[in-house]
Amino acid sequence: MTAIAPSPTLVDTLRTRRERLAALINFPVVLWSGQPSARNFPANTYPFRASSHFLYFAGLPLTHAAIRLDGARLTLFIDESTPAAALWHGPTPSRAEIAAAMGANAAYPLSELDAHLAGVATLLVQDTTTGATQLTARGLVNPAQDRSLADALVQLRLAHDDAAIAEIRKAAQVSIQAHQAGMAATQAGQSEAVVRAVMEAVIMAQGMTTAYNSIVTVHGEVLHNEHYHHVLQPGDLLLADVGAEASTGWASDITRTWPVTGNFSPTQRDVYDVVLAAHDACIEMALPAVEYRDLHLLASRVLAEGLVDLGILRGEPDSLVEQDAHALFFPHGIGHLLGLDVHDMEDLGDLAGYAPGRARSDRFGLGFLRLDRPLQAGMIVTIEPGFYQVPGILQDPQKRDRYAEVVNWERLAQFQDVRGIRIEDDVLITPTGCEVLTAALPSQAKAVEALVNL
Ligand code: GLY
Ligand code: MN
Ligand code: MN
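Residues numbered from 1 in each chain as written. Chains lettered and ligands numbered in written order. Predicted model: local features only at pLDDT ≥ 70, side-chain atom pairs only at ≥ 80, totals over all residues. Heavy atoms only, no water.

Right, let's talk about the packing of helix H1 (residues 8–22) against helix H6 (residues 143–158) for a bit. At a minimum axis separation of 10 Å, H1 and H6 run at an interaxial angle of 130 degrees. When the interaxial angle is binned, H1 and H6 end up oblique. In the crossing of H1 with H6, the sense of the turn from one axis to the other is right-handed. Here Arg17, Arg20 and Leu21 of H1 lie close against H6, whose contacting residues are Leu149, Ala152, Leu153 and Leu156. In terms of residue class, the contact of H1 with H6 is made up of 5 nonpolar, no polar and 2 charged. (Axes fitted to C-alpha atoms, helices over the stretch in contact; angles between N-to-C directions. Helix = DSSP H or I, 4+ residues; strand = E, 2+ residues; numbered from the N terminus. Parallel < 35°, antiparallel > 145°, perpendicular 65-115°, else oblique. Left-handed = near helix turned anticlockwise from the far one by under 90°. Contact = heavy atoms within 4.5 Å. Nonpolar A, V, L, I, M, F, W, Y, C, P; charged D, E, K, R; others polar.)

Okay, the coordination of the manganese ion (ligand 3) next. Each protein donor to the manganese ion (ligand 3) is listed here as Asp241 (OD), Asp241 (OD), Asp253 (OD) and Glu424 (OE); together their distances run 2.1 to 2.3 Å. One can describe the donor arrangement at the manganese ion (ligand 3) as irregular, given that its 6 donor atoms subtend angles of 58 to 170 degrees at the metal. Between the manganese ion (ligand 3) and the manganese ion (ligand 2), both coordinated by Asp253, there is a metal-metal distance of 3.2 Å. Placement of Asp241 in strand S9 (residues 237–242) and of Glu424 in the loop between strand S14 (420–422) and strand S15 (425–429) is noted, with a sequence separation of 183 residues between them. Under the relative-accessibility criterion, Asp241 is labelled buried at 4%. (Donors = N, O, S within 2.8 Å, 3.2 Å for Na, K, Ca; no water. Tetrahedral: all angles 85-135°; square planar, octahedral: opposite > 155°, others 65-115°. Buried < 20%, exposed > 50% of the residue type's maximum accessible area, 1.4 Å probe, protein only.)

Another aspect to go through is the packing of aromatic side chains. Going through the model one piece at a time under the given rule, you end up with 6 aromatic pairs. Between Tyr56 and Phe57, the aromatic rings sit 5.0 Å apart at their centres with planes inclined by 85 degrees, giving edge-to-face as the arrangement. An aromatic cluster is defined as three or more aromatic residues linked by ring pairs; in this entry it consists of Tyr56, Phe57 and Trp250. Above the face of the Tyr228 ring, Arg196 is positioned so that its terminal group lies 4.1 Å from the ring centre. (Phe/Tyr/Trp six-rings, centres within 6.5 Å; stacked < 30°, edge-to-face > 60°. Lys NZ or Arg CZ within 6 Å of the ring centre and 35° of its normal.)

Surrounding ligand 1, one finds Tyr212, His224, Asp241, Asp253, His336, His343, Glu384 and Glu424. Between a nitrogen atom of ligand 1 and a side-chain N or O atom of Asp253, the distance comes to 3.1 Å. Considered on its own, ligand 1 offers 200 Å² of accessible surface; in the complex 93% of this is hidden by protein. (Near = heavy atom within 4 Å. Polar contact = N/O pair within 3.5 Å; in protein donor to acceptor, adjacent residues only side chain to side chain. Areas by Shrake-Rupley, 256 points an atom, 1.4 Å probe, with all protein chains shown as cover.)

What follows is about the pairing of strand S5 (residues 73–78). Counting buried positions along S5 yields 5 of 6 residues, so the element is predominantly enclosed. By the bridge criterion, 6 bridges tie strand S4 (residues 65–70) to S5 in an arrangement that is antiparallel. Along S5, the bridge assignment pairs Ile67 with Leu76. (Pairing = 2+ DSSP bridges.)

Distances from the manganese ion (ligand 2) to its protein donors, namely Asp253 (OD), His336 (NE2), Glu384 (OE) and Glu424 (OE), fall within the range 2.0 to 2.2 Å. Around the manganese ion (ligand 2), the 6 donor atoms sit at angles spanning 47 to 155 degrees, and that spread fits a shape best called irregular. For the manganese ion (ligand 2), all donor residues lie on one chain, and their spacing in sequence is D-x82-H-x47-E-x39-E. Taking the relative accessible area as the measure of exposure, Asp253 reaches 3% and is therefore buried.

Now for the pairing of strand S12 (residues 380–383). With burial as the criterion, each face of S12 is covered, one bearing Ile380 and Thr382 and the other bearing Val381 and Ile383. Two strands pair when backbone bridges link them, and S12 and S15 are joined in this way by 4 bridges, in the antiparallel orientation. Bridging from a neighbouring strand, Val381 pairs with Val427 of S15.

Right, let's get into the environment of Thr255. Here Thr255 is to be found in strand S11 (residues 254–259). As a C-alpha pair, Thr255 and Leu348 span 93 residues in sequence and 25 Å in three-dimensional space. Those residues in contact with Thr255 that sit more than four places away from it in its chain are His179, Leu239, Ala240, Asp241, Arg422, Ile423 and Glu424. One polar contact links Thr255 to Asp241, side chain to side chain, over a distance of 3.2 Å.

Counting 137 residues, the largest nonpolar core has Leu21, Ile67 and Met102 as the members making the most contacts within it. Tallying contributions element by element places helix H9 (residues 266–285) first for this core, with 9 residues. Apart from the residues lying within four places of it in its own chain, the contact partners of Ile67 are Val29, Val30, Leu31, Phe54, Phe57, Ala58, Leu74, Thr75, Leu76 and Met102. Among the nonpolar cores identified, the runner-up in size contains 8 residues, and Val30, Trp32, Ala66 and Val125 belong to it. (Core = buried A, V, L, I, M, F, W, Y, C linked by side-chain atoms within 4.5 Å.)

Time to look at the sheet that holds strand S1 (residues 29–32). With respect to topology, 4 strands assemble into an open sheet ordered S1-S4-S5-S6, the strand pairing being mixed. The two strands at the open ends of the sheet, each matched to only one other strand, are S1 and strand S6 (106–108). Direction aside, the axes of adjacent strands within the sheet are offset by 20 degrees on average. Both S1 and S4 contribute to a ladder of 4 bridges, which runs antiparallel.

We now examine the pattern of salt bridges. According to the stated counting rule, one finds 26 salt bridges in the structure shown. Salt-bridge contacts for Arg68 lead to Asp70; the nearest nitrogen and oxygen are separated by 3.2 Å. The class of Asp70 is partly exposed, set by a relative accessible area of 36%. For the salt bridge of Arg360 with Asp350, the shortest nitrogen-to-oxygen distance reads 2.8 Å. Taken as a pair, Arg360 in the loop between helix H11 (317–322) and S12 and Asp350 in the loop between H11 and S12 lie far apart in primary sequence, 10 residues in all. Put simply, Glu291, Arg293, Arg358 and Asp372 are held in one network by salt bridges that share partners. (Salt bridge = Lys/Arg side-chain N within 4 Å of Asp/Glu carboxyl O.)

Everything listed here is a matter of geometry and, on its own, says nothing about what the molecule does.
Written as structure tokens, this is what we have:
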């Protein structure tokens with residue numbers, strides 16, 4: 001961090017978050033920021049990302065820092081920069097300046113943290129070096145208390161405050177621009193890497209980073225494809241799942257799928273419209289108290305119905321979903337929580353995603369559902385139905401046997417130019433319904449074609 005601008009709004013936001021946490025627990029908390037991980041030697045590191053739980057209460061992407069929360073009191077632990085660090089990395093704000101920017105009540109060198117660890121709860125950060133420090137520094141581990149902290153953080157972070165929503169809006173806006181640029185730059189004969197570069201350039205030019213590794217691929221059937229070497233061919237669909245992360249750490253997550261030539265083939269258009277119908281139906285239904293699992297089942301039903309209409313599936317849509325036949329083509333969940341993490345709080349496993357007493361299903365059509373809770377105002381979730389022809393699923397002898405009667409394999413063979421389609425938007429649940437934060441990026445087929453043809 002090279003500069004710091006004191007912000008009364010940030011101080012207020014952080015104080016309110018501490019007060020809300022203090023209403024849920026009765027023990028002090030220490031949260032570590034983490035530190036950069038070495039890439040191939042210590043001075044050459046991967047880009048640093050502060051721990052999200054730390055960011056939520058510290059507001060600043062500090063490295064080698066910790067904060068102690070005790071009621072509404074905030075104490076910062078961080079070392080002053082050394083002349084050697086300044087030589088290589090430039091001047092950094094002083095401890096006092098950082099403490100003032102976040103509204104800390106006190107600030108000490110990191111070496112003094114050990115004297116403030118008695119009885120605290122914490123959560124492990126992702127980098128293993130800091131993780132090891134956490135475990136040894138704390139001595140007495142109290143798993144029950146750490147679990148109470150995790151429960152409280154889930155309760156707080158499930159519903160976003162205005163400051164968080166404002167940051168996610170900023171990230172979403174930049175993601176929209178990145179997708180528009182990617183569509184306009186798409187041309188047969190180029191590689192996927194060129195489109196990825198155009199999209200990420202928009203994000204970087206705004207001083208943001210990507211919230212996760214970009215997916216820009218003509219093989220959308222590989223759900224998290226991170227290869228970019230294919231040359232775009234006429235007739236290909238390009239699936240781009242690219243999202244910006246604001247400098248404050250708040251994420252966005254958008255997928256669009258567009259035809260390389262600027263025109264969907266009739267088969268591509270037919271399947272695209274089925275996926276879009278599932279997407280639109282979920283957004284129509286998204287409001288407080290609705291079970292997210294029911295949105296997943298709704299998307300599954302709309303997909304099944306559409307595939308029956310196209311002659312790919314045979315049977316009654318409800319019965320097809322009960323048999324998990326939709327999962328042959330839609331093998332993942334309808335989406336997830338979005339916040340400081342693109343899959344928010346997944347460092348806690350399913351604690352955030354699954355309401356108390358609920359657990360993952362072992363059903364083929366439900367096992368990858370990442371969120372199974374009633375929606376509540378302030379939540380931001382993704383809605384991301386898709387259609388994929390995954391060889392590992394469709395060529396699996398057991399699945400072919402199990403679904404022999406319900407799939408018209410000859411008809412399916414006519415859709416070979418549809419490998420993977422996903423349409424993903426970020427949806428804020430409001431007191432009376434929802435707001436699609438990424439709605440300014442068109443999802444209608446004609447509008448998408450127009451953007452590619454710009
Ligand atoms: N970008 C990852 C996901 O959509 O879940
Ligand atoms: Mn997503
Ligand atoms: Mn995504």
